[in-house]
Structures are given as C-alpha cells and as structure tokens.
Amino acid sequence: MTATPHETTSASRTAGIPFLLKTACINALIALVLFSLMVGIRTEAGSDGQLTYWTRFGDLASLVAAVFGGSIVIELLRQWIGPTGAEKLVPPAVQRGASFVGRYLAPALLIFTLLVPVIFYNQRYILDLAILVLTYVMLGWGLNVVVGLAGLLDLGYVAFYAVGAYSYGLLATNFGWSFWICLPLAGILAAFWGVLLGFPVLRLRGDYLAIVTLAFGEIIRLVIINWQDLTGGPNGVSGIPRPSFFGIPLDNSDDGLAAKLGIEYSPTHRIVFLFYLILALALLTNWVTIRLRRLPIGRAWEALREDEVACRALGINTTTTKLTAFATGAMFGGFAGAFFATRQGFISPESFTFQESALVLAIVVLGGMGSQLGVALAALAMIGGFELFRSLETYRMLVFGMAMVLIMIWRPRGIIGHRAPTVYLTKAQAISSDLVKEGHG
C-alpha cells in the first residue's frame, strides 16, 4: 500500500522531533556558556577598591530558555514554511502588493530623503543621524563594488576611508585648499592606494584575500599613528576647514551665504548644506555604479564574482578587472572620508579601526551583495537601529545581534538578494554555419 503525498509530508514533518530537541539543547548549552559570565555574573570595583560581584541567574535562565524555545520555533518554521511551500502560503494578492511596493520603494525613499531637512529642520539630532546614515550608505555602495559585484572579500575598506579623510585634512590645513579642490584629490589618492592593494592580492581569493586586506587596513592605521610629523599621530589633525558653497562661507559674516541671500543666519544652514552634500555624493556613487554595471567592465566584475576560472577561460583580463574594482571602490571610500573630515573638523586614528570595516561589510552582506537598494536599507536599519535600541542600554547589542542573526537565517542573501546578471540573452541568435562543426547555425 503506497502512502499518499500528504501522509508522507506529515510523517517527514513529525519525524524530526528528536532532531528539534537535540538542536534546541545544543543551542541552549552554547547560550549558557556564553552568557554565564556576560549576564549571570557581574563584577565591578567597590568604593574601597575591592572587586565585588553579584549574580543574575534569573536573567541567565530567561535567556537560555528563550534560546531553547526560539531554536524550536525556528526549526519548525523552517520545516513548515520552507522554500518549496513558501509560494503556496503567500496569496497572489500579497505577492502583487509586494511587487508593487518593491517597484516604488526606491523613489519613495529618495523623495522622503530630499524632504528630511524640510520636515526635521528644527531637530538637529535627526539631521545629524541622517547625515551619518547617508555616509554609511555611500561607504556601503563603494564596498559593494568590490564585494558585491566583483566578489572580492575586502576587510580593510576603512583604509581608503582614512586615506580620503587624511588627504583632505592635510591638504586643507597645510595648503589652504578648498573642499572642492581637495575632494577629487582625496578620491584619486584613495584609488591609487586601492591599486597598490590590488597588485599583491591578484593571485589570492577567499579567506587569504580577506586576511591580506585586513592587514592592509591595520598597516594604514599604524602608519597614521606612528608618522607623527605628517599625520599628528594619536593627536590627529584638528582645525580642518568647513566646506563652503563654492567659495561663499556658511557663517554669520557679511560675506556669508545668509547675508548675500538676505535671510536670517542660522547654524542649521550648515547642517542642511552638509546633508545635501553627502546626499549628492551618495547619489553620484549610486549612479556611477549602475552605469558601470552595464559597461563591459561591470559585466567582467560579475563574471569574476561567479567563477574566476571560467572568467579567465573566456579571455577576460582578471588583473585589470580586479584592479579596477579595488580602485573604484577605494575612490568612493576616499570621497566619503573627505566628507567625514570636513564634517567633523577633526580626525584621529581612533575613527578608522577595524570595527568600521566590519560595520560597512555587515551593511553590504545584510542588504544583499550587489543590491544598491538593499545596502541603503541595511545602512538605515543598522545605523538607525543602534539609536532605536539605545534605551535598552546593556541589552542593545544583544537584541541587535539576535535581529541580524534572524534576518540572515531567513534571508541568507540579504534583505534584497541580487545576483542576477546585468545583461540577458532574451532570444537565441543564429550564427554562421562556417563556425560550427555540425555545418549549420
């Protein structure tokens, strides 16, 4: 007697109970080991200088129980709402609605971004946060060229960020050059260092490439710290001039922009100008990236990402392909670094640690490698998420980390996974019979 498909599916779903309990117990045990010292036992220096400690075993038990229950729920959802059954569970109306939202999401976000200074003009905190988010959007789009399009794992992207920042800071303070002159120079210098990084790693891939790029980022940071005569060492570079509106300062002087326009001066004018400046730089990065993807070099990046051996077999010069990817991504990082320097007015090595590279890489991976919209949404979620969970204090990083893990479980390719090729062959094309062995095209 043959079992029906429904009975077979039900049996396969109920047969995994021992596996569910085993997985949940293992995850709970791992959580117990990790959280024992982080949550279960707390220490601090007392008023007399002695080390005091207290226990929070109740909180520890709650976390372990949450991990145990969450593991069971996740595995059940994986079995019941797997890739094969997902399309059946989503009604066609919901699918059409999601497609409609996805089509108009990017224009809606752009319009809202343009109106942010108008809506939140008197809220300095939101404007500063928006500038920070756009800075990381630009960094994410720059790294997306290297990681998302060319498939080269770069853990030292902060080095180009630092090169751009120090290039602008040193040129502006020592030579008195304006922001608009130093901005392209910062991008060119960062691209030059990107090419220098690309040459030693031409034959490396995967983990080995990641280790070398990580070392490159640390080398740049250590050079900045120890070359005190040029970079100021740990003290950094201060007194970096603010950007002007094409030579017109944004201050309260008689030559300022407010006086020339005949309006009342407000310190918010400079913040709004910085907002639209980083927005313009980010949109320029997005436009250049989209245009490059449609060019032969962009298609070569995608071929390199999918299979380097096949890329070589097709006659693509992988040397120039890798170097152009590193140089292009580094140039955008240099632009972002120059903006960071002029916005802060002060830069130091502490602003260019490995944590910044890891954060930008997490934005690219979480958003979806190769997806411009996904990177923007991930930057908004990660940078804005830190502020959203600020009230949770010590649990902020824990909650945020758990959210990232859940997202990567359900969306392994990112929020908007995009690995489709830029160019499709929509129809078969006949070729001359002289070029094939069969004698016909």
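Rules used throughout
Each residue is numbered by its place in its chain's sequence as written, counting from 1. Confidence filtering applies because this is a predicted model: local features only for residues at pLDDT of at least 70, side-chain atom pairs given and counted only at 80 or more, and all residues used for totals across whole chains, interfaces and linings. Note that water and hydrogens are dropped before the side-chain values are worked out from all heavy atoms of the structure. Each helix is a run of H or I in the DSSP string that is no shorter than four residues. Each strand is a run of E no shorter than two, and both are numbered from the N terminus. Only protein chains enter the calculation, and the probe is 1.4 Å; a residue is then buried if its accessible area is under 20% of its type maximum, exposed if over 50%, and partly exposed in between. Contacts are assigned to residue pairs that have any heavy atoms within 4.5 Å of one another. Surface accessibility in these figures is a Shrake-Rupley result with a 1.4 Å probe; residues are shielded only by whichever protein chains are displayed. The salt bridge criterion pairs a side-chain nitrogen of Lys or Arg with a carboxyl oxygen of Asp or Glu, the two atoms within 4 Å. Simply put, an axis is a line fit to the C-alpha atoms, just over the touching stretch for a helix, and the angle between two N-to-C directions goes from 0 to 180 degrees. Geometric relationships in this document are graded by angle, where less than 35 degrees denotes roughly parallel, more than 145 denotes roughly antiparallel, 65 to 115 denotes roughly perpendicular, and other angles denote oblique. The sense of a crossing depends on the near helix, which, turned anticlockwise from the far helix by less than a right angle, makes the crossing left-handed and, turned clockwise, makes it right-handed. Under the scheme applied, nonpolar residues are Ala, Val, Leu, Ile, Met, Phe, Trp, Tyr, Cys and Pro; charged residues are Asp, Glu, Lys and Arg; polar residues are all the others, including Gly. Surface patches are drawn from residues lacking salt bridges whose relative accessible area is over 30%; two like charges belong together within 9 Å, two nonpolar side chains (Val, Leu, Ile, Met, Phe, Trp, Tyr) within 5 Å. Geometry of aromatic contacts follows a simple scheme: Phe, Tyr and Trp rings, the Trp one being its six-membered ring, pair when their centres are within 6.5 Å, and the pair is stacked under 30 degrees between planes, edge-to-face over 60, tilted otherwise. Remark: nonpolar core denotes a set of buried residues (Ala, Val, Leu, Ile, Met, Phe, Trp, Tyr, Cys) joined through side-chain atoms within 4.5 Å. Within 3.5 Å is the distance limit for a polar contact, defined as a pair of N or O atoms, with the added protein rule that one can donate a hydrogen and the other accept it, and that residues adjacent in sequence qualify only through two side-chain atoms. The rule is simple: put a 1 Å grid over the protein atoms alone, call a set of points where a 1.4 Å probe fits but cannot get out a cavity, call an open set with protein on both sides within 12 Å along at least five of seven lines a pocket, and count a residue as lining if it has an atom within 4 Å of a point. Grid points are joined across faces, edges and corners, and a volume is the space filled by probe spheres set on the points.

Going by an unreviewed UniProt entry, the protein carries the name High-affinity branched-chain amino acid ABC transporter permease LivM and comes from Bradyrhizobium campsiandrae.

Colleague: So what about the overall build of the protein? Which residues, and what values?
Modeller: Tallying secondary structure elements over the protein gives 18 helices and four strands in all. For the protein, the proportion of its 441 residues judged to be buried stands at 38%. At a minimum sequence separation of 6, the contacts of the protein that also span at least 24 residues come to 72%. Summed over its atoms, the accessible surface of the protein is roughly 24,900 Å², and 66% of this surface lies on carbon and sulfur atoms.

Colleague: For the pattern of salt bridges, give the residues involved together with the corresponding values.
Modeller: All told, the structure shown has six salt bridges when counted by the stated rule. When the shortest N-O distance is used, the salt bridge between Glu 218 and Arg 221 registers 2.9 Å. With Glu 218 and Arg 221 both in helix α9 (residues 207–226) and three residues apart, this pair spans about one turn of that helix. Taking the relative accessible area as the measure of exposure, Glu 218 reaches 25% and is therefore partly exposed. Across the pair Glu 302 and Arg 293 runs a salt bridge, and its minimum N-O distance is 3.0 Å. In terms of burial, Glu 302 and Arg 293 fall into one category: buried.

Colleague: So what about the packing of helix α6 (residues 124–149) against helix α12 (residues 268–293)? Which residues, and what values?
Modeller: α12 packs onto α6 with a crossing angle of 20° between their chain directions and a minimal axis gap of 9 Å. Overall, the two elements α6 and α12 adopt an arrangement that is roughly parallel. Crossing hand, α6 versus α12: left-handed. Class assignment for the residues of the contact of α6 with α12 results in 16 nonpolar, six polar and four charged.

Colleague: Break down a nonpolar patch on the surface for me, citing the residues and quoting the values.
Modeller: A surface patch of nonpolar side chains, amounting to about 780 Å² of accessible area, comprises Leu 110, Ile 111, Phe 112, Leu 114, Leu 115, Val 118, Ile 119, Tyr 276 and Leu 283. Of all elements in the fold, only α5 (92–119) and α12 reach the threshold of two or more residues within the nonpolar patch. The greatest single-element share of the nonpolar patch, amounting to seven residues, is contributed by α5. For Ile 111, the location among the structural elements is in helix α5.

Colleague: Describe the packing of helix α7 (residues 158–175) against α9, listing the residues and the values that go with them.
Modeller: At a minimum axis distance of 8 Å, the contact between α7 and α9 shows a crossing angle of 30°. Classified by the angle their axes make, α7 and α9 are roughly parallel. Within the contact between the two elements, α7 uses Ala 159, Phe 160, Ala 162, Val 163 and Tyr 166 and α9 uses Phe 216, Gly 217, Ile 220 and Ile 224.

Colleague: Describe in detail the packing of aromatic side chains, supporting the description with residues and values.
Modeller: The final tally for this structure, using the stated rule, is 13 aromatic pairs. Ring geometry for Tyr 161 and Phe 340: centres 5.6 Å apart, planes at 50°, overall tilted. With Tyr 161 in helix α7 and Phe 340 in helix α15 (residues 318–344), this pair connects stretches of sequence that are 179 residues apart. For the pair Tyr 161 and Phe 340, one class covers both residues: buried.

Colleague: Describe the nonpolar core, and please don't skip the residues or the numbers.
Modeller: Counting 85 residues, the largest nonpolar core has Leu 143, Leu 152, Tyr 168, Ile 347, Phe 352 and Ile 363 as its most contacted members. Ranked by the residues each element gives to this core, the list is headed by α6, at 15 residues. Not counting chain neighbours up to four residues away, the residues in contact with Ile 363 comprise Tyr 136, Val 375, Ala 378, Ala 379 and Met 382. Within the second largest apolar cluster, seven residues are counted, among which are Phe 35, Val 39, Leu 63 and Val 64.

Colleague: Describe the side chain of Thr 289, and please don't skip the residues or the numbers.
Modeller: Note that Thr 289 resides in helix α12. Within the local environment of Thr 289, its side chain forms a polar contact with the backbone oxygen of Thr 285, the two atoms lying 2.7 Å apart.

Colleague: Give me the lowdown on empty space enclosed by the protein, citing residues and values where you can.
Modeller: With the rule as written, the count across this model stands at one cavity of 30 Å³ or more. Looking at the largest cavity, its volume works out to about 30 Å³. In terms of lining residues, the largest cavity is bounded by Leu 155, Gly 156, Val 158, Leu 214, Gly 217, Glu 218, Phe 352, Thr 353, Phe 354 and Ser 357. Taken together, the elements giving at least two residues each to the lining of the largest cavity come down to α9 and α16 (354–367). Among the elements that take part in the lining of the largest cavity, α9 stands out by supplying three residues, more than any other. Tallied by class, the residues present in the lining of the largest cavity amount to five nonpolar, four polar and one charged.

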